[in-house]
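# Architecture at a glance
The lines below spell out each chain.
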Amino acid sequence: MRTYLVIFALLTAMTTATVRSGESGLPDSPAAAPADAAPTQATPPATPSPDDTAANLVPEPSKSCPGVSFSRNLQYGESDLNVLDVATGDSRQTSRHPVLLFVAGDSFASDGAPDTMDPLEDQAMCFAARHGMVGVKVNYRRAPAYPWPAGAKDVAAAASWVHQNIDLFGGSRDEIIALGYSVGAFHVASLLAHPELQVGDSPVAAAALVSGIYHLGADATATEKAYFGADASKYDERSALPGILKTETPLLVAWSAVDPPTLVAQGEKLKQLLCSSIAHCPHISVIKHRDTPSSVFGLDGSDGSLAEPILELVREIEARGLP
């Protein structure tokens, strides 16, 4: 009987106190201002009344990734779209683990279709947990309902949630590595490039930018225009370049050998500008294979993946102690 009382008490405590900042002060409804409106200074997330259930907070083993447990759909903002997943491995280490904050996406705009990044996102979480990290997958708001800079603001809110809650999953708030993939690479880069979009407790120790665009041109696609707005004269100020050239955050810039030429050119240009700026040359990686989600992170045993460059970045942060 005493055992059941202890378990009940633990579940009650988790329900009422685990998610310390599930709300972020982000609007639940689409922004009233058009895409061409000027951004406002980001404000720290508000402390909410927790509404997560114990079922969300108790990790569930993953069938697709043995040895890894997932806590799904944890709220980090007011919108139903502001949810994240946390993956943890079966580690007996008592020290805090680095955190891989994964932000992906195959489009700036949402058409209601399933996100093709889902398998890749789970593989990233699996990779993180199997290598002694805590994996966090971020879902965020998209155009046309949520134009620029909603994506970067959501990344900031998710990072703030991690700072406030990741210790409950064994993670270290001082060793957060943000991994932006495809559209997610722009949102992570944009957050680093625009300090006004950051909140007080949203810094990351390092960032990896993979196959992203960092500067929008007049040849923007329809989905890019849905997010950035139709006024091309504002693309410079809304891009990650040149603002990211001032960041002191350690960076990994990567692209795939099979990426479209425009993405390869964006990665190479970012590398060139960073190396000639007052910042520093980033780590560079060219992914050889991207046939399957598991090959991107080397979970199928293939070489030339993102695995070693990311782990090298993690080791760099760990060696510094505090970022």
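Rules behind the numbers
Residues numbered from 1 in each chain as written. Predicted model: local features only at pLDDT ≥ 70, side-chain atom pairs only at ≥ 80, totals over all residues. Heavy atoms only, no water. Core = buried A, V, L, I, M, F, W, Y, C linked by side-chain atoms within 4.5 Å. Buried < 20%, exposed > 50% of the residue type's maximum accessible area, 1.4 Å probe, protein only. Contact = heavy atoms within 4.5 Å. Helix = DSSP H or I, 4+ residues; strand = E, 2+ residues; numbered from the N terminus. Pairing = 2+ DSSP bridges. Right-handed = clockwise from strand over helix to strand, strands pointing away. Phe/Tyr/Trp six-rings, centres within 6.5 Å; stacked < 30°, edge-to-face > 60°. Axes fitted to C-alpha atoms, helices over the stretch in contact; angles between N-to-C directions. Parallel < 35°, antiparallel > 145°, perpendicular 65-115°, else oblique. Nonpolar A, V, L, I, M, F, W, Y, C, P; charged D, E, K, R; others polar. Polar contact = N/O pair within 3.5 Å; in protein donor to acceptor, adjacent residues only side chain to side chain.

This part covers the nonpolar core. What tends to happen in soluble globular proteins is that the nonpolar side chains get buried as a cluster. Within the largest apolar cluster, 57 residues are counted, with the highest numbers of intra-cluster contacts made by Val136 and Ile244. In this structure Val136 touches Leu84, Asp85, Val86, Val99, Leu100, Leu101, Phe102, Met125, Val162 and Ile166, once residues within four positions along its chain are discounted. With 27 residues, the next largest nonpolar core counts Phe102, Ile177, Tyr181 and Val314 among its residues.

Now for the pairing of strand 5 (residues 134-138). Burial within strand 5 is extensive, with five of its five residues counted as buried. Of the two faces of strand 5, the one carrying Val134, Val136 and Val138 and the one carrying Gly135 and Lys137 are both buried. Alignment of strand 3 (residues 83-89) against strand 5, held across four bridges, turns out to be antiparallel. Bridge pairing in strand 5 places Val86 opposite Val136.

Moving on, we get to unusual backbone geometry. With an omega of 5°, the peptide bond between Trp148 and Pro149 qualifies as cis. Examined against the element boundaries, Pro149 turns out to sit in the loop between strand 5 and helix 4 (150-165). Cis geometry is adopted by the peptide bond preceding Pro242, which originates at Leu241 and carries an omega value of 10°. Within the secondary structure, Pro242 sits in the loop between helix 7 (235-238) and strand 8 (251-256). Unlike most non-glycine residues, Ser182 shows phi in positive territory, near 60°. The phi dihedral of Ser211 falls on the positive side, at around 55°, and the residue is not glycine. Looking at the secondary structure, you find Ser211 in the loop between strand 7 (206-210) and helix 6 (222-228).

In terms of burial, strand 6 (residues 171-181) is a largely internal element, nine of the eleven residues being buried. In the sheet, strand 6 pairs with strand 7 via five bridges, with the strands oriented parallel. In the strand pairing of strand 7, Leu179 is matched with Ala208. A crossover links strand 6 with its parallel partner strand 7, the connecting element being helix 5 (residues 183-193), and its sense is right-handed.

For the rest of this paragraph, the subject is the packing of aromatic side chains. Within the structure shown, the criterion is met by ten aromatic pairs. Measuring from ring centre to ring centre gives 6.5 Å for Phe102 and Tyr181, while their planes differ by 55°; the resulting arrangement is tilted. With Phe102 in strand 4 (residues 97-103) and Tyr181 in strand 6, the pair connects residues that are 79 residues apart, well separated along the chain. Take Phe102: its relative accessible area is 1%, and that puts it in the buried class. One aromatic cluster in this structure is built from Phe108, Phe186, Tyr227, Phe228 and Tyr235.

For the pair helix 4 and helix 5, the least separation of the axes is 8 Å and the interaxial angle reads 80°. In this view, helix 4 runs roughly perpendicular relative to helix 5, as classed from their interaxial angle. Here Gly151, Ala152, Val155 and Ala156 of helix 4 lie close against helix 5, whose contacting residues are His187, Val188, Ser190 and Leu191. The residue makeup of the contact of helix 4 with helix 5, split by class, is five nonpolar, three polar and no charged.

One can find Ser182 in the loop between strand 6 and helix 5. Expressed as a C-alpha distance, the spacing of Ser182 and Gly105, which sit 77 residues apart in the sequence, is 6.2 Å. Here Gly105 takes part through its backbone oxygen, which lies 3.2 Å from a polar atom of the side chain of Ser182.

With respect to the helices and strands, the residue Gln123 is situated in helix 3 (residues 118-130). The class of Gln123 is buried, set by a relative accessible area of 19%. Along the backbone, Gln123 and Ser64 are 59 residues apart, and their C-alpha atoms lie at a distance of 9.0 Å.

Next up on the list: the side chain of Ser285. Checked against the element boundaries, Ser285 lands in strand 9 (residues 283-287). Judged by relative accessible area, Ser285 falls into the buried class, the value being 8%. For Ser285, the residues in contact, after removing those within four places along its chain, are Leu252, Val253, Ala254, Trp255, Ser305 and Pro309.

The values are spatial; any link to function lies outside them.
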